[in-house]
Structure formats: structure tokens, C-alpha cells
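A structural walkthrough
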Amino acid sequence: MNAIELLHRLAKIREDQAMARAKRVASQVNQQKAFKDQVLDYAKDYESQLLAGGKGGSSVAFIQDANAFREKLLHSAIEMDGQIQGMTKASEETLKVATLARMRTRGLSKLVDKMHLEAKRKQAKAELSQFEDNFSARLSFKSGTKDA
């Protein structure tokens, strides 16, 4: 194995690692978005409970507590937006790194393929030359002087 093939293997390993990291970060972003949606759904549930409680004659203390908790849920969802934006930016950066690693690997793959093709051509040329030498040696087997 020569140096270029070794570099190609190393680049492939780095590409795989970078892609795995990008997938992991993207998964975390999706999980955080799903959690935010869940928190917003809870806030909507509490809002509907508030409206139903107001119409149904619930106690003021229950309505105040439910509203306070709904407000906390909404505030938490707003805070999650900043986290999601940061995670999205990190996800984009890791994807860029993974894409660059893939481009490097593809370039080295092309170089290794070209090198292998050139080696095959040289091998074929050497075999053809050997064949021609053997063929010409057989043709000239009885040429020259005999027991001069």
C-alpha cells in the first residue's frame, strides 16, 4: 500500500466520523424542536383548561395557577428558540465539515483509481512486450550461424 492509498483510507475514516457527527447534531436539533413543540402543546392545553374553567366556574386560584404555569411554558419555549438556533448553526457547520471531508475523499478516490488504472496499463504493456519478445524469439530460433 502506498502513501496515497493510506491517505485515502484516512480521509474515508475522517469522512465517516464527520458524517456521523453531523447526523448526531442534526438529530439533537430535531429532538429539541420536537420538545419545544411538545411544550407549546402543553401550553395550549393549559389555555384550553383556562377557558373551560372560566366558563365552568372554576376557582380563581386554579385559573391563576394554570395561567402562571402556561406563561412559564411559553417562556421556556421562547428560551428554546435561542438554543435551537445555536444548535442549527452548529449543525450547519458540522455538515459543512462533513461535506469538505467527502470532497477530499472523492478527490483521493479519483487519484487512487487513476493510479490503479495506470498500474494496470503498465502491467498490460509489460505483458504485451513479454509476449512480443517470446514470439520474436520463437521466429528467430533457427536464425544465425549453425556450428560455425
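Keep in mind that this is a model prediction, so the values were computed, not measured. (Residues numbered from 1 in each chain as written. Predicted model: local features only at pLDDT ≥ 70, side-chain atom pairs only at ≥ 80, totals over all residues. Heavy atoms only, no water.)

**What to know about the overall build of the chain**
A count of helical and extended segments in the chain gives 2 helices and 0 strands. At 36 Å, the chain has a C-alpha radius of gyration far larger than the 15 Å of a compact globule built from 148 residues. Along the three orthogonal principal directions, the C-alpha set of the chain runs to about 130 × 25 × 15 Å. Split into buried and exposed, the 148 residues of the chain put 18% on the buried side. Taking the intrachain contacts of the chain between residues at least 6 apart in sequence as the baseline, contacts between residues at least 24 apart amount to 84%. When the accessible surface of the chain is totalled, it reaches about 11,700 Å², and 57% of it is carbon and sulfur. Here the chain contributes 26 positively and 19 negatively charged side chains, and the mean placements of these two sets differ by 7 Å. (Helix = DSSP H or I, 4+ residues; strand = E, 2+ residues; numbered from the N terminus. Rg over C-alpha atoms; globule rule 2.2 N^0.38 Å. Buried < 20%, exposed > 50% of the residue type's maximum accessible area, 1.4 Å probe, protein only. Contact = heavy atoms within 4.5 Å. Areas by Shrake-Rupley, 256 points an atom, 1.4 Å probe, with all protein chains shown as cover. Lys, Arg positive; Asp, Glu negative; His and termini not counted. Charge placed at Lys NZ, Arg CZ, Asp CG, Glu CD.)

**Focus: the side chain of E15**
Structurally, E15 can be placed in helix α1 (residues 3–56). Given a relative accessible area of 6%, E15 falls into the buried group. A polar contact is formed between the side chain of E15 and the side chain of T105, at a distance of 3.1 Å. Those residues in contact with E15, other than ones at most four positions away along the chain, are A101, R102 and T105. (Polar contact = N/O pair within 3.5 Å; in protein donor to acceptor, adjacent residues only side chain to side chain.)

**Side note on α1**
Along its 54 residues, α1 runs 79 Å from first to last C-alpha, staying within 8% of the 80 Å computed at 1.5 Å per residue. Among the residues of α1, the N-terminal cap falls to N2, whose side-chain oxygen and the backbone nitrogen of I4 are separated by 3.3 Å. (Expected span 1.5 Å × (residues − 1).)

The analysis is restricted to geometry; functional conclusions fall outside its scope.
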